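# Understanding the architecture of this molecule
This is what each chain is made of:
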Protein chains: 2
Amino acid sequence: MTSATVPDRSESRRSTAPGSGASRRPRARKGEGNRLREEILQAVAELLVEKGNKDAVSIRAVAKRVGVSPPAIYLHFADKDELFYQCCRGGFQELSRRLEEAAATAGTVLERLEQMGRAYIDYALERGPQYQVLMAGGETGEISPELLEDDPGLRAFAVLVDTIGEGIEAGEIRTDHDPAALAVAVWAAVHGAVMLLLSRRAAEEATSPVMPDLPPSDATVEAVLALVRSGVVGGS
Amino acid sequence: MTSATVPDRSESRRSTAPGSGASRRPRARKGEGNRLREEILQAVAELLVEKGNKDAVSIRAVAKRVGVSPPAIYLHFADKDELFYQCCRGGFQELSRRLEEAAATAGTVLERLEQMGRAYIDYALERGPQYQVLMAGGETGEISPELLEDDPGLRAFAVLVDTIGEGIEAGEIRTDHDPAALAVAVWAAVHGAVMLLLSRRAAEEATSPVMPDLPPSDATVEAVLALVRSGVVGGS
DNA sequence: GCTGACAACTTATCAGTGTTCACTCATCGT
DNA sequence: ACGATGAGTGAACACTGATAAGTTGTCAGC
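Read on for an overview of the structure. Every value quoted in this text rests on a predicted model; they were computed, and no experiment measured them. (Residues numbered from 1 in each chain as written. Chains lettered and ligands numbered in written order. Predicted model: local features only at pLDDT ≥ 70, side-chain atom pairs only at ≥ 80, totals over all residues. Heavy atoms only, no water.)

### Quick notes on the overall build of chain A
Definition in use: Only runs of H or I of at least four residues qualify as helices and only runs of E of at least two qualify as strands under DSSP, and these elements are numbered from the N terminus. Each residue is placed in one exposure class: buried if its accessible area under a 1.4 Å probe, protein chains only, is under 20% of its type's maximum, exposed if it is over 50%, and partly exposed if it falls in between. Contacts are residue-level and defined by heavy atoms, with any inter-residue pair within 4.5 Å sufficient. Note that accessible areas follow from Shrake-Rupley with a 1.4 Å probe, and for residues the cover is restricted to the protein chains shown.
Helix and strand content of chain A: ten helices and zero strands. Ordered by position from the N terminus, the helices and strands of chain A form the series α-α-α-α-α-α-α-α-α-α. Out of the 236 residues belonging to chain A, those deemed buried represent 48%. Looking at chain A alone, contacts between residues at least 24 apart form 66% of all its contacts between residues at least 6 apart. Carbon and sulfur atoms provide 50% of the accessible area of chain A, an area that totals close to 12,000 Å².

### Observations concerning helix 10 (residues 217-233) of chain B
Every α-helical turn comprises 3.6 residues, leaving residues that sit three or four positions apart pointing alike. The condition is simple: Under the convention used throughout, the expected extent of a helix is 1.5 Å for every residue step, that is, one less than its residue count.
Between its first and last C-alpha atoms helix 10 of chain B spans 25 Å; for 17 residues at 1.5 Å apiece the expected length is 24 Å, and the two agree. Most of helix 10 of chain B sits out of view: twelve of its 17 residues are buried. Within the sequence span of helix 10 of chain B, burial applies to B:T220, B:V221, B:A223, B:V224, B:L225, B:A226, B:L227, B:V228, B:S230, B:G231, B:V232 and B:V233. The elements touched by buried residues of helix 10 of chain B are helix 9 (179-205) and helix 10 (217-233) of chain A together with helix 5 (109-126) and helix 9 (179-205) of chain B.

### Some words on the packing of helix 9 of chain A against helix 10 of chain B
Two measures define how a pair of helices packs: the angle their axes make with one another and the distance between the axes. Note the cut-off: Fitted lines through C-alpha atoms give the axes, limited to the stretch in contact for helices. The angle between two N-to-C directions lies from 0 to 180 degrees. For any pair of crossing helices, the crossing counts as left-handed if the nearer helix is rotated counterclockwise from the farther one by less than a right angle, and right-handed if it is rotated clockwise. In this classification, the charged set is Asp, Glu, Lys and Arg, the nonpolar set is Ala, Val, Leu, Ile, Met, Phe, Trp, Tyr, Cys and Pro, and all remaining amino acids, among them Gly, are polar.
The interhelical angle for the contact between helix 9 of chain A and helix 10 of chain B, taken along N-to-C directions, is 65 degrees, at an axis separation of 8 Å. Read as a crossing pair, helix 9 of chain A and helix 10 of chain B show a hand that is right-handed. On helix 10 of chain B, the residues that touch A:A181, A:L182, A:V184, A:A185, A:V186, A:A188 and A:A189 of helix 9 of chain A are B:A219, B:T220, B:A223, B:V224 and B:L227. Each residue belonging to the contact of helix 9 of chain A with helix 10 of chain B can be placed in one class, and the counts come to eleven nonpolar, one polar and no charged.

### As for the protein's contact with DNA strand C
What counts here: Throughout, near means a residue has at least one heavy atom within 4 Å of the molecule or strand. Counting of polar contacts relies on pairs of N or O atoms within 3.5 Å, with two restrictions inside protein: one atom must be capable of donating a hydrogen and the other of accepting it, and residues adjacent in sequence are counted only when both atoms are side-chain atoms.
Surrounding DNA strand C, one finds 28 residues, the nearest of these being A:R27, A:K30, A:S69, B:R60 and B:Y74. Per the 4 Å cut-off to the protein, sugar and phosphate atoms form 54% of the nearby atoms of DNA strand C. One of the side-chain nitrogen or oxygen atoms of B:S58 is found 3.4 Å away from a phosphate oxygen of DNA strand C. The backbone of B:K80 places a nitrogen or oxygen atom 2.9 Å from a phosphate oxygen of DNA strand C. Contributing elements (two or more residues each) for the surface near DNA strand C: helix 1 (33-51) and helix 3 (70-73) of chain A together with helix 2 (59-66) of chain B. Here the surface near DNA strand C is composed, by residue class, of eleven nonpolar, four polar and 13 charged.

### Focus on the pattern of salt bridges
How we decide: Put simply, a salt bridge is a Lys or Arg side-chain nitrogen that is within 4 Å of an Asp or Glu carboxyl oxygen.
Scanning the entire structure with this criterion turns up 30 salt bridges over all chains. Put simply, B:E126 and B:R98 hold a salt bridge, and the shortest N to O gap is 3.4 Å. Highlighted residues: B:E126 in helix 5 and B:R98 in helix 4 (residues 80-103), separated in sequence by 28 residues. Classification of B:R98 as partly exposed rests on a relative accessible area of 25%. A salt bridge links B:R229 to B:E114; the nearest nitrogen and oxygen atoms lie 3.0 Å apart. Here B:R229 is found in helix 10, whereas its partner B:E114 is found in helix 5, with 115 residues between them in sequence. Residue classification places B:R229 among the partly exposed residues on the basis of a relative accessible area of 29%. Among the charged side chains, a salt-bridge network with shared partners connects A:E94, A:R97, A:R98, A:E101 and A:E126.

### A few points about the packing of aromatic side chains
Residue and element names in this part refer to chain A. We count it as follows: Aromatic pairing here means that ring centres of Phe, Tyr or Trp (its six-membered ring) are within 6.5 Å. Orientation follows from the plane angle: under 30 degrees is stacked, over 60 is edge-to-face, and everything else is tilted.
Within this structure, the stated rule accounts for four aromatic pairs over all chains. Arranged with centres 5.4 Å apart and planes meeting at 45 degrees, the rings of F157 and W187 form a pair that is tilted. Here W187 lies in helix 9 and F157 lies in helix 8 (residues 152-169), a separation of 30 residues in the sequence. Each member of the pair, F157 as well as W187, carries the same accessibility label: buried.

### A closer look at the protein's contact with DNA strand D
Near DNA strand D you find 28 residues, and of these A:R27, A:R60, B:R27, B:K30 and B:S69 are the closest. Put simply, 55% of the atoms of DNA strand D that lie within 4 Å of the protein are in sugar or phosphate. Measuring from a phosphate oxygen of DNA strand D, one finds a side-chain N or O atom of A:R29 at 3.3 Å. Within the contact set of DNA strand D, a base nitrogen lies 2.5 Å away from a side-chain nitrogen or oxygen of A:R60. Sorting the residues of the surface near DNA strand D by element identifies helix 2 (59-66) of chain A together with helix 1 (33-51) and helix 3 (70-73) of chain B as the ones contributing at least two each. Taken together, the residues of the surface near DNA strand D sort by class into ten nonpolar, four polar and 14 charged.

Limitation: the analysis is restricted to geometry and does not speak to function.
Below, the structure written as structure tokens:
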């Protein structure tokens, strides 16, 4: 091959992917190798939303959308796990920001906690697939430690612990549990709600009546927040 | 491969799996085809525990362990999803049983709820990978509806809703939320705790310090149960 | 303008995956 | 003894993530 192909830039290099994918992307200039990196992350984010599942997004599909060959991706990311982690991590800095913002509002500690809970749930439901990738169990364990060192999720968790500690000092929150343990409990409740709601959404999109008799999302969210609110106060 | 190896029939009746796997399983008698089905499910359960992750267990590995060729599995299960679902579903009937048992003990509704919560968490942590497979988001949505109709998880959820309704009638539980919504909230809290603890365990097994400053599992479990206990009572 | 070095890729390929089709073989009722 | 049938096998397909080696465009220095 490459036999008689005159390097006619103007039109011989038409769509490498006729159907849907992008045509061949022009090569980056010498210092601008990192631009491809950003385009890859963008494509991953799009495909993740479209397919809804990390495993349904192949490296090849990403490469095709960007208009590049699959190995080019490995010039910027060590493997698929790191690629997806980086993609979702970027989005999660926004969540961390929103949580810190909610934690810094005026009002009682309980009110601030509720704001944080709402912000968390809203954001996680908004970016469902990304959220699931970042929280996806053991797979996160494969990421190199220095990447996780400044994980936005951990920063956000620290804010939660601090807020709860503040509430304990202010006498708004029960004192029979460690602030960190209470923070994990709160996180677990909110996280669990998000996971269940995302599961349900996925099931509905598959037109399969998996969870038949559940209340609507809003009622679930309100119930979880009410549970947390009363739960952190204690004094049954 | 493609090394043009002569198919040496002369001693071809050697063990197909020399290293670790089982050797070739003797063929079942004519009416006993279902015995293979049970052996497959057993092998899947074992491999799931060993590998810790559904995606790390291949059909070929299952077949090798059973001592059978990969296509034989498709005589008993439609695809990989159904195979794993059936495997985990079997284990989950035990959970459902334990929950119903806990719901039927003597004591106040709150005490019974706590027993149920403990039984749920214990069981989920005991069979971590199975639990995750069954709860694994959108993938469950691909299972045929009639399978899910008598999902043990749904039966268990109904028990939870009933118990909470009972508590509302007895005046032990807050009345400002729907019993089903409250049940989802309780479920979410416990489910979230399990997921976080399983994530942490997986991270530790990978010798990667993912979640550095978290309290130990016991404290987390107690905090979540306390949160739920106070949370369902309400009256902050 | 030329040239060599190097960044930015591509082509070809590997090993492994879920899954299917066509086929064999042992067992059973007759 | 024999044909039907249940219980499986072998080879192959269309994918996947990943790698090694080659190519090509671009830039600095002469």
